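Each chain, written out:
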Amino acid sequence: MKLSLTKVVNGCRLGKIKNLGKTGDCTMDIPGCLLYTKTGSAPHLTHQTLCNIHGLPAMAQLTLSSLAEHHEVLAEYKEGVGKFIGMPESLLYCSLHDPVSPCPAGYVTNKSVSVWGVGGRVEMTVSKFMAIQQVLQPDWFQCLSDGEASCEEATSIKRARKSVDRSLLFLDNCLRLQEESEVLQKSVIIGVIEGGDVMEERLRSARETAKRPVGGFLLDGFQGNPTTLETRLHLLSSVTAELPEDKPRLVSGVSRPDEVLECIERGVDLFESFFPYQVTERGCALTFSFDYQLNPEETLLQQNGTQEEIKCVDQLKKIKTTGCNQEMTSFEINLKEKKYQEDFNPLVRGCSCYCCKNHTRAYIHHLLVTNELLAGVLLMMHNFEHYFGFFHSIREALKSDTLAQLKELIHRQVS
Amino acid sequence: MAAATPACLDSAPRILRLVAECSRSRARAGELRLPHGPVATPVFMPVGTQATMKGITAEQLDALGCRICLGNTYHLGLRPGPELIQKAHGLHGFMNWPHNLLTDSGGFQMVSLVSLSEVTEEGVRFRSPYDGDETLLSPEKSVQIQNALGSDIIMQLDDVVSSTVTGPRVEEAMYRSIRWLDRCIAAHRSPDKQNLFAIIQGGLDADLRATCLEEMTKRDVPGFAIGGLSGGESKAQFWKMVALSTSQLPKDKPRYLMGVGYATDLVVCVALGCDMFDCVFPTRTARFGSALVPTGNLQLKKKLFEKDFGPIDPECTCPTCQKHSRAFLHALLHSDNTAALHHLTVHNIAYQLQLMSAIRASIVEKRFPEFVRDFMGTMYGDPTLCPTWATEALASVGITLD
């Protein structure tokens, strides 16, 4: 695989990763995102409804937390997880955890890391971890790592140091086992940068990991709420400065549009797309504008709409959501609100997704009020498409040197 | 469709065109001509109670070959209400379904929600489970709502009594249903766009049923439904009432047997002369992880499917069977990803529609009795092992299973 940069603008990298996949002929654009899945399937979506979405990412994210417990089944299946889940053509990246469900801390040891599946905890030593990867055969996988230094509020230097030491040890052992495995020759190990909030440890982690023959880097421990990310952004710049230019940088747990832009400016290439899923789960639809090319009057009109919604959002910010414990953002509208009951407009005017081309806000409102399963299906289709459109606009903005305008537009919509 | 002219018995539009009839049994193959396109019969109509087919999109339902499905007047009348649906260009516009819709009148909810309802000559008084509000569903109101919904086939409001009830209430309900049919006919504002079907009642009493048949067939409606069955009655009583009804219903109008959807029941009731069926079973059982197959069903959540790498049914052409194994569906069913339910809903609807297609083809190709034997053989291991009631029902129309 080969990463070629077209240009670098104010720290933002625009380019392509080529020669990907088992046959070596797939390409990914950066900056970009990965398709979020749960147990190997996009949430709510079957192959048919998934394929309705325009701009689908070339690579999907699988989580070991949802797949580790199916290890035996996949071992007997033999043909790899891609085929098993019905996505044989897709590039696959296997992360350790699910970015949406927080993992209970305190289960990392010097010898093992645990993930949490439906059936409970699955403890993995390096050899078990690699045995599972042999059976999954993903294109990329996050190396076994210790991500708990970033779990607590204030990490001690000692804990941060341990996270780096353990992760490097795991990495070296995994690389050694990969060498011995014929099956895993085609899979790429993604090295994990740890170190909590301790600058010294983050730099050490970056420099040491970069010495190893990994295919790319995962910047772990930057997830959390918007305030925690803000304080960690300076760490992020320092870390990416230490990493080679020709290997992709992923960040875990960051998916909000404003945070995505902050990270791209600090040298990150790839993101998870769980944010549209969280929006779906709270019965909301992404409506934020990323069309900075619109004429000024139109932008003002859309912005005014958003301003009014911001007032409602302030009141609604207390609302807890099912399963995701996230507050509603100003990037979305809440279709459960009574005002949408007779709104026969699409979710977003001009959106080319299946939901907006076929259905109205009133219909989605009805589906949510009556607790019908179709609500999740239609919202997921819209939210993914809207989100992938956002990434497309980032790439276009970088091409035309207009990222500042896009950034300003996004920030105007953050309340 | 030609506009209905009043009074004359021959003036109701003939919406059913018969294409073939079984020379032994009463099975028929035909085509319904409805405002939103033709529908081949016999037909199974999936149930999409609240303007949605339970997690599958209109596009997916269309791709499976479905050309008619159900909506429910009681539910839609409460949420979102007829005024809103009218603003949305009818139920077709609201849910964006390009093909046909049949709406039930709300009558069945009298039985299913019996603790929340009270029946008088005026209509059914319901207490809403959502906000405690009381609504009166009269024949006029039901037709009014259905007119607003704009469905292609609308059902009369009938006085529905559970099939396990005996005594004078059954007779009262039967006669009231006739009076309510007349009120529905009088109230119906768009007979040229919507086909009002009568519903034969009478419970499990042959005399009452015969009376109802005699009276209702005097009315000028485009089609007849056989109601009040598919409740808790025994199958032996059930088939006799179906057979009695089809023997008295006009041949040139469709016969809709309400609430029937188990594969064996469909095959037998086609033999008895029914053309249309609806049932929540296939879509509901899908959401419990059960996949319908020619030999019965597969409870895919069970451990025995954990490493079963074949599709649900190797003969099935649905998207689920084309792409996914039982093992993957088993794993997905144990997760909280709703996609698992949708995969099974797609398959189960496909199963039902493929079954009806196969039945129809066998009637057209004059081999329906052989089809029935093969079907029973596959389902029960041997045609002679099929349930007694089914054997008797089939025998009554000239089909033997040995």
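Since this is a predicted model, take the numbers as computed values, not measurements.

Caption draft 1: Spatial organisation of the overall build of chain B. Scanning chain B for helices and strands turns up 16 helices and 16 strands. Computed over C-alpha atoms, the radius of gyration of chain B comes to 21 Å, within 12% of the 21 Å expected from 2.2 N^0.38 for 402 residues, which places it in the range of a compact globule. Expressed as lengths along the three principal axes of its C-alpha atoms, the size of chain B is roughly 60 × 50 × 40 Å. Buried positions account for 59% of the 402 residues belonging to chain B. Summed over all atoms, the accessible surface of chain B reaches about 15000 Å², with 52% contributed by carbon and sulfur. The positive charge centre, built from 39 side chains, and the negative charge centre, built from 42, are 3 Å apart in chain B.

Caption draft 2: Molecular detail of unusual backbone geometry. In this structure, the amide linkage connecting A:Ile30 to the following residue, A:Pro31, adopts the cis form with an omega of 0°. Locating A:Pro31 in the fold gives a position in the loop between β3 (26-30) and β4 (32-36). B:Arg79 connects to B:Pro80 through a cis peptide bond whose omega is 5°. Examined against the element boundaries, B:Pro80 turns out to sit in the loop between α2 (73-78) and α3 (82-87). Even without a glycine there, the phi angle at A:Thr39 is positive, about 55°. Tracing the backbone through its elements, the reader meets A:Thr39 in the loop between β4 and α1 (47-51). Overall, A:Thr39 belongs to the buried group, its relative accessible area being 7%. Of note, B:His89 is a non-glycine position whose phi angle comes to about 70°, a positive value.

Caption draft 3: Geometry of the pairing of strand β5 (residues 68-72) of chain B. Residue and element names in this part refer to chain B. Of all 5 residues in β5, 5 are buried, a share of seventy percent or more. Across the two faces of β5 the burial is the same, with Ile68, Leu70 and Asn72 and Cys69 and Gly71 all buried. Taken together, the 5 bridges between β5 and strand β6 (residues 100-104) define a ladder with parallel strand orientation. Bridged to Ile68 within β6 is Asn100.

Caption draft 4: Seen up close, the UniProt feature "active site" (unreviewed entry) in chain B. Residues and elements named next belong to chain B. Summarizing the sequence annotation, UniProt attributes the feature "active site" (unreviewed entry) to Asp104 and Asp278 in the numbering used throughout. Spatial clustering of the annotated residues is evident: they stretch over 175 residues in sequence, but the largest pairwise C-alpha distance comes to 10.4 Å. Structurally, the position occupied by Asp104 is in strand β6. Discounting chain neighbours no more than four positions away, the residues touching Asp104 are Gly71, Asn72, Thr73, Gln109, Gln146, Met155 and Met258. Relative to the helices and strands, Asp278 resides in strand β14 (residues 276-279). Not counting the four nearest positions on each side in its chain, Asp278 is found in contact with Phe44, Met45, Val47, Leu70, Tyr256, Leu257, Met258, Gly259 and Val260. Polar side-chain contacts of Asp278 include one of 2.8 Å to the side chain of Tyr256.

Caption draft 5: The nonpolar core, seen in detail. Core analysis: the largest hydrophobic core is formed by 178 residues, its most contacted members being A:Trp140 and A:Ile394. Counting residues per element, this core draws most heavily on helix α14 (residues 374-399) of chain A, which supplies 15 residues. Apart from the residues lying within four places of it in its own chain, the contact partners of A:Ile394 are A:Pro31, A:Val260, A:Leu261, A:Ile264, A:Leu403 and A:Leu406. Counting 60 residues, the second largest nonpolar core, distinct from the first, contains B:Val242, B:Ala243, B:Ala390 and B:Val397.

Caption draft 6: Structural view of the pattern of salt bridges. Tallying each qualifying case throughout the model produces 51 salt bridges over all chains. With a closest N to O distance of 3.0 Å, A:Asp146 and A:Arg166 form a salt bridge. Of this pair, A:Asp146 sits in the loop between β9 (140-142) and α6 (157-179) while A:Arg166 is found in helix α6, placing the two residues 20 residues apart along the sequence. Classification of A:Arg166 by relative accessible area gives buried; the value is 9%. Via salt bridges that share partners, B:Glu121, B:Asp159, B:Arg169, B:Glu172, B:Arg176 and B:Arg179 belong to a single interconnected network.

Caption draft 7: The UniProt feature "binding site: Zn(2+)" (unreviewed entry) in chain A, seen in detail. Residue and element names in this part refer to chain A. The UniProt entry lists Cys351, Cys353, Cys356 and His382 under the feature "binding site: Zn(2+)" (unreviewed entry), expressed in the numbering used here. Their sequence span is 32 residues, while the largest C-alpha to C-alpha distance among them is just 8.4 Å; these annotated residues converge on one region. Position of Cys356 relative to the elements: it lies in helix α12 (residues 354-358). By the element assignment, His382 lies in helix α14. Not counting chain neighbours up to four residues away, the residues in contact with His382 comprise Ala285, Leu286, Leu347, Val348, Cys351, Cys353, Cys355 and Cys356.

Caption draft 8: Spatial organisation of the sheet that holds strand β2 (residues 28-34) of chain B. All names here are of chain B. Read across the sheet, 3 strands follow the order β1-β2-β3 without closing on themselves; strand pairing throughout is antiparallel. Looking along the sheet, the strands with just one partner apiece sit at the ends: β1 (16-21) and β3 (37-41). Neighbour-to-neighbour, the strand axes of the sheet open up by a mean angle of 15°, direction not taken into account. Where β1 and β2 come together, 5 bridges link them in antiparallel fashion. When the bridges of β2 are listed, Glu21 appears paired with Arg28. Packed on one face of the sheet, helix α14 (residues 339-364) meets β1, β2 and β3 and runs near 115° to β2.

What counts and how
- Residues numbered from 1 in each chain as written.
- Chains lettered and ligands numbered in written order.
- Predicted model: local features only at pLDDT ≥ 70, side-chain atom pairs only at ≥ 80, totals over all residues.
- Heavy atoms only, no water.
- Helix = DSSP H or I, 4+ residues; strand = E, 2+ residues; numbered from the N terminus.
- Rg over C-alpha atoms; globule rule 2.2 N^0.38 Å.
- Buried < 20%, exposed > 50% of the residue type's maximum accessible area, 1.4 Å probe, protein only.
- Areas by Shrake-Rupley, 256 points an atom, 1.4 Å probe, with all protein chains shown as cover.
- Lys, Arg positive; Asp, Glu negative; His and termini not counted.
- Charge placed at Lys NZ, Arg CZ, Asp CG, Glu CD.
- Pairing = 2+ DSSP bridges.
- UniProt positions renumbered as here; feature names shortened; annotations may be inferred.
- Contact = heavy atoms within 4.5 Å.
- Polar contact = N/O pair within 3.5 Å; in protein donor to acceptor, adjacent residues only side chain to side chain.
- Core = buried A, V, L, I, M, F, W, Y, C linked by side-chain atoms within 4.5 Å.
- Salt bridge = Lys/Arg side-chain N within 4 Å of Asp/Glu carboxyl O.
- Axes fitted to C-alpha atoms, helices over the stretch in contact; angles between N-to-C directions.

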